[in-house]
Amino acid sequence: MSEPAPRAVIELLDVHKSFGPQQVLRGVDLVVREGTTCVLMGVSGSGKSVLMKHVDGLLSPDRGTVRVDGENLADLDTQGMARVRRKLGILFQGGALFDSLNVEDNVAFPLRELTRLPEREVRARVDRVLALVGLEDAATQLPAELSGGMLKRAAFARAIVMEPRILLYDDPTAGLDPLKTQSVAEVILTGKHQLHATSLVISPDVATAFQVGDSLALLHEGRIVEHTTPEAFRDSRHPAVRAFLHDWLARRSRHAGPSSADAPIPG
Ligand SMILES: Nc1ncnc2c1ncn2[C@@H]1O[C@H](COP(=O)(O)OP(=O)(O)OP(=O)(O)O)[C@@H](O)[C@H]1O
């Protein structure tokens, strides 16, 4: 007998969202199960960030249901929402560290603001996560002194210092060169293997998606038109998936030269 599927941690059911006349989400169904990493893809402007903002409650749906860790966000008051938010580690584009604080004070910030942990424990936790992301030697540096890849890792350290069970990454590789993109992929894999977190990752980069995703989803014209394993995604016959993968390969080959045009999609 096959094992039962892990429980749903992030659930969007028939979610609709419009801004004025613009219907961005038109009935999104998406379930991310415990301990898995789902990568959400879609062309620019398809609504990926809007979808993610429904998971952390920054936006609420016009219609439909959003559940996080079993709780319907529509039923929560401010305190309930704060309780759910504490389960989330969020990494947005840009990372957004405080410029005037060094790395360790940036990472310690949520612990000092949101908990009453003694300073000794704060330092111990900060040291632990900095080691996890390989930044133990950069603890006293200011954000301006860090490379792009180090900034991402510092932002990740801050996002995980509260030991969230759910991680949301909004395009963490945006604007990074391939080497740094690789270091972000490693960060996402750290979240999965070391923290056993449930993750939703927005990544327009298909190579990263195949590297980190247990499942891949495509948002197209306001709906999730495919959500499946990387292998099945690569072989999908859905026209929107074919077009999306085709466009990505074409862009990549233009960028890297003709030899990569026939390269298979990783996975
Ligand atoms: N608060 C808002 N008010 C009005 N329109 C919005 C708002 N947030 C997003 N939109 C619109 O919703 C659409 C989807 O935006 P979204 O940022 O989710 O796209 P995306 O798929 O994440 O794009 P990208 O890959 O370029 O980041 C866009 O047309 C955007 O202008």
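This section reports on the structure supplied with the text. What you see as residue numbers is a count from 1 along each chain, following the sequence as written. Restriction of local features to residues with pLDDT of at least 70 applies here, the model being predicted, together with a cutoff of 80 or more for giving and counting side-chain atom pairs; totals for whole chains, interfaces and linings are based on all residues.

To continue, consider unusual backbone geometry. In this structure, aspartate 69 takes a positive phi of about 50° despite not being glycine. Tracing the sequence through the fold places aspartate 69 in the loop between β4 (63-68) and β5 (71-72). Note on burial: count the other C-beta atoms lying within 10 Å of the residue's C-beta; 20 or more is buried, 12 or fewer is exposed, in between is partly exposed, and C-beta positions come from the backbone. Classification of aspartate 69 as partly exposed rests on a count of 17 C-beta atoms within 10 Å. Each helix corresponds to a stretch of at least 4 residues labelled H or I by DSSP, and each strand to a stretch of at least 2 residues labelled E; elements are numbered beginning at the N terminus.

Further remarks concern the pairing of strand β1 (residues 8-19). Sheet topology places β1 next to strand β2 (residues 22-33); 9 bridges connect them, and they run antiparallel. Bridging across to β2, lysine 17 finds its partner in leucine 25. Pairing between strands is defined by DSSP: at least two bridges between the two strands are required. The hairpin formed by β1 and β2 contains 2 residues between the paired strands, and glycine 20 there has a positive phi angle of roughly 55°. Here β1 runs beside β4; their pairing, made up of 5 bridges, is antiparallel. Bridging from a neighbouring strand, leucine 12 pairs with valine 66 of β4.

Take the environment of lysine 192 next. The topology assignment puts lysine 192 in helix α6 (residues 178-193). Assessed through the 20 C-beta atoms surrounding it within 10 Å, lysine 192 is described here as buried. Linking lysine 192 and glycine 35, residues 157 residues apart in sequence, is a C-alpha distance of 6.9 Å. Leave out the neighbours within four places in its chain, and lysine 192 touches Thr37, Ala197 and Ser199. Once C-beta atoms are placed from the backbone, any two residues with those atoms within 7 Å are in contact.

A word on the sheet that holds β2. As summarised here, the arrangement of the 4 strands in space is β2-β1-β4-β5, forming an open sheet in which the pairing is antiparallel. Each edge of the sheet is formed by a strand with only one pairing partner; in this case those strands are β2 and β5.

This paragraph deals with the site of the ligand. Should the C-beta atom of a residue, placed from the backbone, lie within 6 Å of a molecule or strand, that residue is near it. Taken together, Phe19, Val24, Gly42, Ser44, Gly45, Ser46, Gly47, Lys48, Ser49, Val50, Asp171 and Pro204 form the complete shell of residues around the ligand. Tallying contributions element by element places helix α1 (residues 48-55) first for the shell around the ligand, with 3 residues. In the scheme used here, Gly and all other residues not listed as nonpolar or charged are polar, with Ala, Val, Leu, Ile, Met, Phe, Trp, Tyr, Cys and Pro taken as nonpolar and Asp, Glu, Lys and Arg as charged. Of the residues that constitute the shell around the ligand, the class distribution is 4 nonpolar, 6 polar and 2 charged.

Our next topic: the packing of helix α3 (residues 103-114) against helix α4 (residues 119-132). A pair of packed helices can be characterised by two numbers: the angle between their axes and the separation between those axes. Here an angle of 0 to 180 degrees is reported between the N-to-C directions of two axes, which are lines fitted to C-alpha atoms, with helices fitted over the stretch in contact. Where α3 contacts α4, the axes come no closer than 10 Å and their chain directions differ by 125°. Relative to α4, the element α3 is oriented oblique. Judged by the twist between their axes, the crossing of α3 over α4 is right-handed. Contact with α3, carried on its side by Glu104, Val107, Ala108, Leu111 and Arg112, involves Val122, Arg125, Val126, Val129 and Leu130 of α4 and no other residues of that element. Grouping the constituent residues of the contact of α3 with α4 by class yields 7 nonpolar, no polar and 3 charged. For classification purposes, angles smaller than 35 degrees are called roughly parallel, those larger than 145 roughly antiparallel, those between 65 and 115 roughly perpendicular, and all remaining angles oblique. In this scheme, a crossing is called left-handed if the near helix is turned counterclockwise away from the far one by less than a right angle; it is called right-handed if the turn is clockwise.

Everything listed is a geometric property; what it means functionally is a separate question.
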